[in-house]
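Here is what each chain is made of, one letter per residue.
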Amino acid sequence: MSEQKYAISEYHDVDEVYKKLNNLISQPMRHVKREKMQEFLGYFENQCKRSKELTDEAKKFIPGGVQHNLAFNYPFPIAIEKTDGAYLWDADGNQYIDFLQAGGPTVLGSNYAPVREKVFEMLNECGPVTGLFHEYELKLAELVNRFMPAVEMFRMLGSGTESVMAAVRAARAFTKKKYVIKVGGAYHGWSDPMVYGLHIPGTGRLEATGIPRGASAATKEFFPNSLGALKRQLWLNRLRGGTAAVIVEPLGPESGTRPVPFDFNQKIRELCDEFGALLIFDEVVTGFRVGLGGAQGYFGVKPDLTVFGKCITGGYPMAGGVGGRAEVVSRFAAGIGGIGERAYVGGTLSANPLSCVAGYYSLLEMERTNAAVIAGKAGDRLTKGLQAIIEKFSLPFVAYNQGSIVHLETSGVMLLDLRNPVRLAKELKPRKHMIEEMGAAYMSQGLVTLAGSRMYTSMADTDEVIDSALSKFETVLAACV
C-alpha cells in the first residue's frame, strides 16, 4: 500500500454534516452556564494582567489595540511572547495548546527549528531583502511546480489578499471579460472587489464601507453549493459581456465551514469550461496543508489559477503568490518582458530572500516528514474525541474535519444567511457573542482556537497533546449542559 499523500483520510458525508448543522441552528443556543462563564472569564483578570496592560496601552496608538483580525479575542487580546511546536506562551507566562497556528500556515508546528536555522543563515549572508533577484526565488517556484503541476508558472507576492487581487486582474486581462463570481460567505481577502458577500451569503455590499460601488460592481455571488445559481449567474454575465473567473475555496467558504460535496469543484470546472471563464482556486489555507498537491491534487481538479498565502512561506512574512497556466501567469511579466496586454502588479518586498528561503525549506521539510498527513491524523483524533464528548453530554454541537482543519460549531453563527432574514437579524449578534464566549472559555483552559470554532492541527500535535486538549475541551463543553 502506498504512503498516504493527503491529510484527509476520509472525506466527510456532506449531507450528514449539514443535517447536524441545520439541527444546531434550529434550536435555542446552549450557552456555557452563567456562573461557570464568570469563572472562565475570571482567568483573564487574574492570570493575564500583563496582556491586559499591553493591549490597553496599545489602544492609545493602534485602532482596537491589535492589528490582526485573529487577535481580537474576547474579553481582551492575549499578548504572545514565545512559541514552540504545539504551544504558545503569553506575556504572563501562561502556556496554551496552539490550534490557531497563525491562521493555518505552520503545518510543521510553530517556530520549527530546521527552517529557522536556514533563515538565520540567509540573514547572516544576505539580509532579508535586496530589491534584486535571488536564487531562492527560482528554487521555490520550481518546488511549487513539482508539487502542483497545474502551477506551470508562479509569481510571488506579499499576502493572500494581494494574490487574489492579482489573480482577478490576470483573469480579466487574459479573457478580456470583467465579471468575477464568488461563493457567498467566502473570504478571499479584503480587496475592494472581494469585500462583497463577505462572511454571510447574500449580503452583497454590507461590509463595503469606504468602497465605491463601482469597485465591486463586477463582483457577483451565488449561495454555497448551488450549482444552479452559479449557472444562472454565468448566463446573465454572458449577456453582459462574460465572466472572467469563478473563484472558490475548494473545501468550501471559510475553510470548509460550509463544506462542499466531493465532486463540487469538478462540476464548477465544467461550468467554467462551458462559459469560457477561468477557474481560480483560493488555496491560501489548503495549499500544502491538505497535502503537498493542495486541494487541487486531492480533488483531482486542475484550476487555471491558484492563489497562495499563508503556507507558501511556512509562516514567515510576505506570504503570497499566484500560479497557474503559463499563458495566463505570463501576464505578470515584469519590465519589458510583458506578453501582450500586461496585468500590472508590484511589491517591493515580494519574493525577498528571507521569505523564499523559508518557503523552500518549509516545503522540503513537509515533504521529508510527511507533515500534512501527520497533522491530518491529529485532526482526525481531535475530531473523534470532540464527537465523543458531544455525544456524552447530548449536545447539539457539530464537530467535523478536513484533515488538519477541524470545525467545532457550537453557536451556528457562520450558518446564518439572507435566505432567512428574520432569523439573521434576530440571532446574528447573540450567536456571535456566544462563539466569542466559547473562544474565551477554551482559552481560559489553555486552548487557542480560531474564533472559537475552528482549529488547525500541526505535525507537532502528538497523541499526548491531542488527549490533553480533549480533556480541556470537555471541561468547557460540560459547562454547557
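Description of the structure in this document. No experiment lies behind these values; they were computed from the predicted model shown.

**Quick notes on the sheet that holds strand β11 (residues 398-402)**
Pairing is antiparallel in the open sheet, where three strands are placed in the order β11-β12-β14. The outermost strands of the open sheet, each flanked by one partner alone, are β11 and β14 (454-456). Adjacent strand axes in the sheet meet at a mean angle of 15° when their direction is disregarded. Where β11 lies against strand β12 (residues 405-409), five bridges are found, and the strand directions are antiparallel. Residue pairing in the sheet places Gln402 in a bridge with Ile405 of β12.

**Some remarks on the sheet that holds strand β2 (residues 87-90)**
Strands pair in a sheet through their backbones, by hydrogen bonds, and they do so in one of two ways: parallel or antiparallel. Ordered in space as β1-β2-β3-β13, the four strands form an open sheet in which the pairing is mixed. The sheet is open, and its two borders are formed by β1 (80-84) and β13 (447-448), each paired with just one other strand. Looking at chain direction, strand β3 (residues 95-98) and β13 are connected through two bridges and run parallel. Bridge pairing in β13 links Asp98 to Val448. Lying over the sheet, helix α16 (residues 463-478) contacts β2, β3 and β13, oriented at roughly 110° with respect to β3.

**Looking at the pairing of strand β9 (residues 305-308)**
Here β9 shows two buried faces, one formed by Leu305 and Val307 and the other by Thr306 and Phe308. Sheet analysis places strand β8 (residues 278-282) next to β9, joined by three bridges and oriented parallel. By the bridge assignment for β9, Ile280 is matched with Leu305. Tracing the backbone out of β8, into helix α11 (residues 294-299) and back to the parallel element β9 gives a crossover that is right-handed. Here four bridges tie β9 to strand β10 (residues 320-324), and the two strands are oriented antiparallel to one another. From the neighbouring strand, Leu305 faces β10, where its bridge partner is Gly324.

**A few points about unusual backbone geometry**
Of note, the bond from Tyr74 into Pro75 is cis; its omega dihedral lies within 30 degrees of zero at 0°. Locating Pro75 in the fold gives a position in the loop between α3 (49-58) and β1. For Phe288, which is not a glycine, the phi torsion comes out positive at approximately 80°. By secondary structure assignment, the location of Phe288 is in the loop between β8 and α11. Positive phi, close to 60°, is recorded for Met318, a residue that is not glycine. By secondary structure assignment, the location of Met318 is in the loop between β9 and β10. With relative accessibility at 23%, the residue Met318 sits in the partly exposed group.

**What to know about the pattern of salt bridges**
Taken as a whole and judged by the stated rule, the model has 23 salt bridges. Across the pair Arg431 and Glu427 runs a salt bridge whose closest N-O atoms are separated by 2.6 Å. Here Arg431 pairs with Glu427, and both are found in helix α15 (residues 421-444), just four residues apart, close to one helical turn. By sharing partners, the salt bridges in this structure join Arg269, Asp273, Asp304, Arg325 and Glu327 into a single network.

**Some points on the packing of aromatic side chains**
Inspection of the entire model under this criterion finds 18 aromatic pairs. Measuring from ring centre to ring centre gives 6.4 Å for Phe99 and Phe473, while their planes differ by 15°; the resulting arrangement is stacked. Linking Phe99 in the loop between β3 and α4 (113-125) with Phe473 in helix α16, this pair joins segments that are 374 residues apart in sequence. Under the relative-accessibility criterion, Phe473 is labelled buried at 0%. On the numbers, 5.2 Å between centres and 55° between planes, the contact of Phe262 with Phe299 is tilted. Of the two residues, Phe262 sits in the loop between α9 (253-256) and α10 (264-275) while Phe299 sits in helix α11, which places them 37 residues apart along the sequence. Ring pairing ties together the aromatic residues Tyr6, Tyr11, Phe262, Tyr298 and Phe299, which thus form one cluster. Above the ring of Trp89, the side-chain terminus of Lys82 is found at 4.6 Å from the ring centroid. Positioned above the aromatic ring of Trp235 is the side chain of Arg238, whose terminal nitrogen or guanidinium carbon lies 4.9 Å from the ring centre.

**Observations concerning the nonpolar core**
With 110 residues, the main nonpolar core has Phe44, Phe99, Ile268, Leu382, Leu386, Met438 and Phe473 as its most contacted residues. For Phe44, the residues in contact, after removing those within four places along its chain, are Lys49, Tyr74, Pro75, Phe76, Ile78, Ala440, Met443 and Ser444. Of all hydrophobic cores here, the second largest spans 35 residues; its members include Phe147, Phe288, Ala319 and Val357.

The rules we used
Residues numbered from 1 in each chain as written. Predicted model: local features only at pLDDT ≥ 70, side-chain atom pairs only at ≥ 80, totals over all residues. Heavy atoms only, no water. Pairing = 2+ DSSP bridges. Helix = DSSP H or I, 4+ residues; strand = E, 2+ residues; numbered from the N terminus. Axes fitted to C-alpha atoms, helices over the stretch in contact; angles between N-to-C directions. Contact = heavy atoms within 4.5 Å. Buried < 20%, exposed > 50% of the residue type's maximum accessible area, 1.4 Å probe, protein only. Right-handed = clockwise from strand over helix to strand, strands pointing away. Salt bridge = Lys/Arg side-chain N within 4 Å of Asp/Glu carboxyl O. Phe/Tyr/Trp six-rings, centres within 6.5 Å; stacked < 30°, edge-to-face > 60°. Lys NZ or Arg CZ within 6 Å of the ring centre and 35° of its normal. Core = buried A, V, L, I, M, F, W, Y, C linked by side-chain atoms within 4.5 Å.

Function-wise, these values are silent; they only describe arrangement.
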